[in-house]
Amino acid sequence: MKTIPFKPSQDTLKAAKLSSNPSYSLDFSDKTVEWKSNAERVELIREGLPFDAIEKVAVTYKMPVKNVLMVMDIPQTTYNKKKKDQEKLSSRDSELILVLSELMDLGVDTFNGEVNDFLAWLKKPNISLGGVSPESLFDSVTGIEEVRNCLHRIAYGNLA
């Protein structure tokens, strides 16, 4: 297991960043959506994200699209048709994409930009999550929040 060295000045900056209000964004072929607060996130959820958001999250975080579709409980054929017709995701699916995107950004930051280390951590069973892998909890906002809490514990030096 790889150990992450203790760097007080860097860790202090990371903790300050985690405790402040971060900004998030997702880039699509025709526009970029940004949000800094829950109110802005709610507005985006109500508008609905384009189906391209699924592919964007998959590519950004090196996940197969079919895995993201499985988490979202969307059949491949439905995804293909709605993406082709340029339809929007439901509010539930839009929220899942936004919260998942936030979690992935937090995870990469927590692992000091080491995307591959973070992705490997997502796949391993975790005692603090009841012995299941973090990615197995991505099918609900509550599960994602549990993974977020686990990442915060790692960032602040608690066992996770």
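The following refers to the structure shown. The model shown is predicted, which means the values in this text are computed figures rather than measured ones.

Comments concerning the overall build of the protein chain
In step 1: When helices and strands are tallied, the protein chain shows eight helices and two strands.
In step 2: Along its sequence from the N terminus, the protein chain presents helices and strands in the succession α-β-β-α-α-α-α-α-α-α.
In step 3: By residue count, 37% of the 160 residues in the protein chain fall in the buried class.
In step 4: Restricting the contact set of the protein chain to residue pairs at least 6 apart, pairs at least 24 apart contribute 57%.
In step 5: Summed over all atoms, the accessible surface of the protein chain reaches about 9400 Å², with 53% contributed by carbon and sulfur.

Some points on a negative patch on the surface
In step 1: Together, Asp27, Glu34, Glu40, Glu43 and Glu47 give the surface a local cluster of negative charge.
In step 2: In terms of residue count, the dominant contributor to the negative patch is helix 2 (residues 38–47) (three residues).
In step 3: Relative to the helices and strands, Glu40 resides in helix 2.

About the cut-offs
Residues numbered from 1 in each chain as written. Predicted model: local features only at pLDDT ≥ 70, side-chain atom pairs only at ≥ 80, totals over all residues. Heavy atoms only, no water. Helix = DSSP H or I, 4+ residues; strand = E, 2+ residues; numbered from the N terminus. Buried < 20%, exposed > 50% of the residue type's maximum accessible area, 1.4 Å probe, protein only. Contact = heavy atoms within 4.5 Å. Areas by Shrake-Rupley, 256 points an atom, 1.4 Å probe, with all protein chains shown as cover. Patch = residues over 30% accessible without salt bridge, like charges linked within 9 Å, V, L, I, M, F, W, Y side chains within 5 Å. Salt bridge = Lys/Arg side-chain N within 4 Å of Asp/Glu carboxyl O. Lys, Arg positive; Asp, Glu negative; His and termini not counted. Charge placed at Lys NZ, Arg CZ, Asp CG, Glu CD.

Interpretation in functional terms is not warranted from these geometric data alone.
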